[in-house]
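Residues per chain, in single letters:
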Amino acid sequence: MSLPAVLPAAGSAPSPTPTQSPTVTVPSLQDAQESATNAASWVEQNWSTWLAIGLRVLLILVIAMVLRVAVQRAITKLIDRMSRTADSVDGTALGGLLANTERRRQRSQAIGSVLRSVASFLILGTAALMVLSAFEINLAPLLASAGVAGVAIGFGARNLVTDFLSGVFMILEDQYGVGDQIDAGVATGEVIEVGLRVTKLRGANGEIWYVRNGEVKRIGNLSQGWATAGVDVTVRTSEDLDRVKATLDAVAERMSKEEPWNELLWSPVEVLGLDSVLLDSMVVRVSAKTMPGKALTVERELRWRIKRAFDEADIRIVGGATAPVEAEPVDPAASVAAPSAFANADSPQSMATTPITPQRAVTPPTK
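Source: prediction; values computed, not measured. (Residues numbered from 1 in each chain as written. Predicted model: local features only at pLDDT ≥ 70, side-chain atom pairs only at ≥ 80, totals over all residues. Heavy atoms only, no water.)

**Observations concerning the overall build of the protein**
Then, number 1: In terms of regular secondary structure, the protein is built from 10 helices and eight strands.
Then, number 2: Accessible surface for the protein amounts to roughly 26,000 Å². Of this, 61% is attributable to carbon and sulfur atoms. (Helix = DSSP H or I, 4+ residues; strand = E, 2+ residues; numbered from the N terminus. Areas by Shrake-Rupley, 256 points an atom, 1.4 Å probe, with all protein chains shown as cover.)

**Let's talk about the sheet that holds strand 7 (residues 270-277)**
Hydrogen bonds between backbone groups are what pair the strands of a sheet, and the pairing can be parallel or antiparallel.
Then, number 1: The three strands are arranged 6-8-7 in an open sheet whose pairing can be described as antiparallel. If you trace the sheet from one side to the other, it starts and ends with strand 6 (227-235) and strand 7, each paired once. Averaged over all pairs of adjacent strands, the angle between their axes in this sheet comes to 25°, without regard to strand direction.
Then, number 2: Where strand 6 lies against strand 8 (residues 282-290), nine bridges are found, and the strand directions are antiparallel. (Pairing = 2+ DSSP bridges. Axes fitted to C-alpha atoms, helices over the stretch in contact; angles between N-to-C directions.)

**Structural notes on the side chain of Ser287**
Then, number 1: Within the fold, Ser287 resides in strand 8.
Then, number 2: With a relative accessible area of 13%, Ser287 lands in the buried category.
Then, number 3: Setting aside its immediate chain neighbours within four residues, Ser287 contacts Thr228, Ala229, Gly230, Pro268, Val269, Glu270 and Leu272. (Buried < 20%, exposed > 50% of the residue type's maximum accessible area, 1.4 Å probe, protein only. Contact = heavy atoms within 4.5 Å.)

**Focus: the sheet that holds strand 5 (residues 220-221)**
Then, number 1: Strand order across the open sheet formed by five strands is 4-3-2-1-5, with antiparallel pairing between neighbours. Both outer strands of the open sheet, strand 4 (208-212) and strand 5, are each paired with one neighbouring strand and no more.
Then, number 2: Pairing of strand 3 (residues 198-202) with strand 4 involves five bridges; the strand directions are antiparallel. If you follow Val198 over to strand 4, its bridge partner there is Arg212.

**Things to note about the pattern of salt bridges**
Then, number 1: Enumeration over the complete set of coordinates arrives at 12 salt bridges.
Then, number 2: Across the salt bridge formed by Lys257 and Glu253, the nearest N and O atoms sit 3.3 Å from each other. With Lys257 and Glu253 both in helix 7 (residues 241-257) and four residues apart, this pair spans about one turn of that helix.
Then, number 3: The exposed category is assigned to Lys257, whose relative accessible area is 61%.
Then, number 4: A residue is classified by how much of its surface remains accessible, and Glu253, at 46% relative accessible area, is partly exposed.
Then, number 5: Overlapping salt bridges, with partners in common, bring together Asp163, Arg212 and Glu215 in one network. (Salt bridge = Lys/Arg side-chain N within 4 Å of Asp/Glu carboxyl O.)

**With respect to the packing of helix 7 against helix 9 (residues 295-312)**
Then, number 1: At their nearest, the axes of helix 7 and helix 9 sit 10 Å apart, and the two run at 130° to each other. By the criterion of interaxial angle, the relationship of helix 7 to helix 9 is oblique. Taken as a pair, helix 7 and helix 9 cross one another with a handedness that is right-handed. Two secondary-structure elements touch here, helix 7 through Val244, Thr247, Leu248, Val251, Arg254 and Met255 and helix 9 through Val298, Glu301, Leu302, Arg305, Ile306, Ala309 and Phe310.
Then, number 2: Split by residue class, the contact of helix 7 with helix 9 holds nine nonpolar, one polar and three charged. (Parallel < 35°, antiparallel > 145°, perpendicular 65-115°, else oblique. Left-handed = near helix turned anticlockwise from the far one by under 90°. Nonpolar A, V, L, I, M, F, W, Y, C, P; charged D, E, K, R; others polar.)

**A word on the pairing of strand 2 (residues 188-194)**
Successive residues of a regular strand alternate their side chains across the two faces of the sheet.
Then, number 1: Two strands pair when backbone bridges link them, and strand 1 (residues 181-183) and strand 2 are joined in this way by three bridges, in the antiparallel orientation. Bridge assignment links Ile182 to a residue of strand 2, and that residue is Gly189.
Then, number 2: The loop that links strand 1 with its antiparallel partner strand 2 comprises four residues; one of these, Gly185, has a positive phi angle of about 90°.
Then, number 3: Relative to strand 3, strand 2 is paired through four bridges, and the arrangement is antiparallel. Looking across to strand 3, one finds that Glu193 is bridged to Lys200.
Then, number 4: Hairpin connection of strand 2 to strand 3: three residues between the antiparallel strands.

Below you can see the structure in the form of structure tokens.
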């Protein structure tokens, strides 16, 4: 292409013009009327659906709250009835033996707390799932995630879950309560508090043991039913058994008639007989059923009275399983050392150890 042909083509190109800002279109009255009409038609078409969902959710919440309140009131009335029954029995003789107000109260509160918590969790959890279902939300992923989370929490907090479940069953089965003397294996003492996770025990020296309920494998309750007080009396084989038995019977009869021992003793003090016979001693067994937790007190009082009665009857009590053997008179000559070479004053050894006597100077006689 030649240059003259290029120049006219270049000259005919449009010259650049400055850019202009886009114009803002203001919605007209007709556009606003159309938007309002569309919104009104959408609301008119869907208001029944939303109203139905709202009423359904409201009905679910109302039913859940009413059911929760009704269940909690029923549980509270049940716990109050249990407490009133314990209070009515506590003033009688049976109540003094079988009922403990603090124990029943704490047990009732623990059971009521567990039942109310379980009921609230079930009712509110079910209501929440029904509300989500009313909004047409797919619950399958949520339930799957909750299941996985529950498994993970169960593995991570299995000791906590074990302690909780063990505490619930211990309280429901009334295995022990406040004021009981128990042997939990890991610790022994008086129960001062029963919890769903931890049981507090007061030891013999005043220490407090915190025992996890899940760690308790066996429980020995020393405060249920009755206890046995047993005293072993060791005397010489030369003592008259009839006199020994008569003395013990007199002690038992006097003790069973005096207060407060007549209330602590639930059966007569019995002389069971010879428990063992050795070469130089014999053991007489004395036993009695007592109020739970009072066996040690009765045993101490029995020993005290038996010792005083035997002293008055001139019956000697030996202090062990066997009577100590009296030593024969010691021969004074037995402690004399055997004769030795040094005992002979004329022996070479004795003469060698004899100190040399100093020689006195001899003065010549005077003339």
